[in-house]
Amino acid sequence: MRGSNRGRLGVGAVLAGALAVTGLAFAPAVGAVTPGTATATYDCGIWGGGLATLQATQSGTAATITLTSAVKTPVAVGADTINAQLTMAKGGGGTRLFSGQKNPALAANQSVTIGPMNGTVAAGDSLNSYFAGVALKMTIFGVTVNCDAVTSQSPGPFVF
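Please read all numbers here as calculations on a predicted model, not as lab measurements.

1. Observations regarding the overall build of the protein
Link 1 in the chain: A count of helical and extended segments in the protein gives 1 helix and 10 strands.
Link 2 in the chain: Across the 160 residues in the protein, those meeting the buried criterion constitute 32%.
Link 3 in the chain: The long-range fraction of contacts in the protein, counting pairs at least 24 apart against all pairs at least 6 apart in sequence, stands at 62%.
Link 4 in the chain: Within the structure as shown, the protein displays about 8700 Å² of accessible surface, and the carbon and sulfur contribution to it stands at 61%.

2. Focus: the state of the cysteines
Link 1 in the chain: In this structure the tally under the stated criterion is 1 disulfide.
Link 2 in the chain: Across a sulfur-sulfur distance of 2.0 Å, Cys 44 and Cys 147 are joined as a disulfide pair. Residues Cys 44 and Cys 147 are joined by a disulfide whose S-S torsion is about 110°; by sign, that bridge is right-handed. Within this pair, whereas Cys 44 is found in the loop between β1 (37–43) and β2 (49–59), its partner Cys 147 is found in strand β9 (residues 143–149), the two being separated by 103 residues in sequence.

3. Overview of the side chain of Gln 153
Link 1 in the chain: When you line up the elements, Gln 153 lands in the loop between β9 and β10 (158–159).
Link 2 in the chain: Looking at Gln 153, its side chain comes within polar contact range of the main-chain nitrogen of Ser 129, at 3.0 Å.
Link 3 in the chain: With residues up to four places along the chain from it excluded, the contact list for Gln 153 reads Ala 38, Thr 39, Ala 40, Leu 54, Met 88, Leu 127, Asn 128, Ser 129 and Phe 158.

4. Quick word on the layout of surface pockets
Link 1 in the chain: Approximately 170 Å³ is the volume found for the largest pocket.
Link 2 in the chain: Counting only elements with at least two residues in the lining of the largest pocket, the list comes to β3 (62–72), β8 (136–140) and β9.

5. Things to note about the side chain of Ser 129
Link 1 in the chain: Position of Ser 129 among the secondary structure elements: in the loop between β7 (126–128) and β8.
Link 2 in the chain: A polar contact is formed between the side chain of Ser 129 and the side chain of Tyr 42, at a distance of 2.6 Å.
Link 3 in the chain: Look past the residues within four positions of Ser 129 in its chain and what remains in contact with it is Ala 40, Tyr 42, Leu 86, Thr 87, Met 88, Ala 135, Ala 149 and Gln 153.

6. Things to note about the nonpolar core
Burial of nonpolar side chains together is a common tendency in soluble globular proteins.
Link 1 in the chain: Core analysis: the largest hydrophobic core is formed by 33 residues, its most contacted members being Tyr 42, Leu 86, Phe 98, Met 138 and Phe 158.
Link 2 in the chain: Broken down by element, this core gets its largest block of residues, 4 residues, from β3.
Link 3 in the chain: Aside from chain neighbours lying at most four places away, what touches Phe 98 is Ala 63, Thr 64, Ile 65, Ala 84, Gln 85, Leu 86, Met 88, Met 117, Asn 118, Gly 119, Val 121 and Leu 127.

7. Points about a nonpolar patch on the surface
Link 1 in the chain: On the surface, a cluster of nonpolar side chains totalling about 330 Å² of accessible area is made up of Ile 46, Trp 47 and Val 143.
Link 2 in the chain: With respect to the helices, strands and loops of the structure, Trp 47 is situated in the loop between β1 and β2.
Link 3 in the chain: Trp 47 gets classed as partly exposed once you look at its relative accessible area, which sits at 35%.

8. Quick look at the environment of Pro 35
Link 1 in the chain: Residue position: Pro 35 is located in the loop between α1 (2–26) and β1.
Link 2 in the chain: It is 9.2 Å that separates the C-alpha atoms of Pro 35 and Phe 160, two residues lying 125 residues apart in sequence.
Link 3 in the chain: Discounting chain neighbours no more than four positions away, the residues touching Pro 35 are Pro 155, Gly 156, Pro 157 and Phe 158.

9. Looking at the pairing of strand β5 (residues 95–100)
Link 1 in the chain: Taken together, the 6 bridges between strand β4 (residues 83–90) and β5 define a ladder with antiparallel strand orientation. Bridging across to β5, Ala 84 finds its partner in Gly 100.
Link 2 in the chain: Hairpin connection between β4 and β5: a loop of 4 residues separates the two successive antiparallel strands, and Gly 92 in this loop has a positive phi of roughly 95°.

Cut-off values and rules
- Residues numbered from 1 in each chain as written.
- Predicted model: local features only at pLDDT ≥ 70, side-chain atom pairs only at ≥ 80, totals over all residues.
- Heavy atoms only, no water.
- Helix = DSSP H or I, 4+ residues; strand = E, 2+ residues; numbered from the N terminus.
- Buried < 20%, exposed > 50% of the residue type's maximum accessible area, 1.4 Å probe, protein only.
- Contact = heavy atoms within 4.5 Å.
- Areas by Shrake-Rupley, 256 points an atom, 1.4 Å probe, with all protein chains shown as cover.
- Disulfide = S-S within 2.5 Å.
- Polar contact = N/O pair within 3.5 Å; in protein donor to acceptor, adjacent residues only side chain to side chain.
- 1 Å grid on protein atoms, 1.4 Å probe; cavity = no way out; pocket = protein on both sides within 12 Å on 5 of 7 lines; lining within 4 Å.
- Points joined across faces, edges and corners; volume = space filled by probe spheres on them.
- Core = buried A, V, L, I, M, F, W, Y, C linked by side-chain atoms within 4.5 Å.
- Patch = residues over 30% accessible without salt bridge, like charges linked within 9 Å, V, L, I, M, F, W, Y side chains within 5 Å.
- Salt bridge = Lys/Arg side-chain N within 4 Å of Asp/Glu carboxyl O.
- Pairing = 2+ DSSP bridges.

This is how it looks when you write it as structure tokens:
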């Protein structure tokens, strides 16, 4: 009789494990950000402006944003030499800061790509680079370039 109870317990454990694995397979991805890609228009003063593409990723409370801008660099820029800070307005008030010194090597007259810039988010954060203030600050060769977002992100803010 003892042997048959062990057999039933073993089958029960296997079934419970199979159900747990099946549930994980159909569960939504943890830490998903939507939309994953958005666009916004930036004005960087004498440095130019235009449409930029932002791509966001999330893993728990860690998030990254990579920005590809219409602004072109007037000279060649080496890899990982642009120090950047992207300030995002948080729905409901406050801001979140993303920063980093990560960029590909850029030839003269090439669109600037920055990132991934790292930041911390909380579940439910709704972030948009459009607000009253400098959204993107880049330091290149000791020169600071301030860019204002002049439109909201499309199709909408990043929701983490």
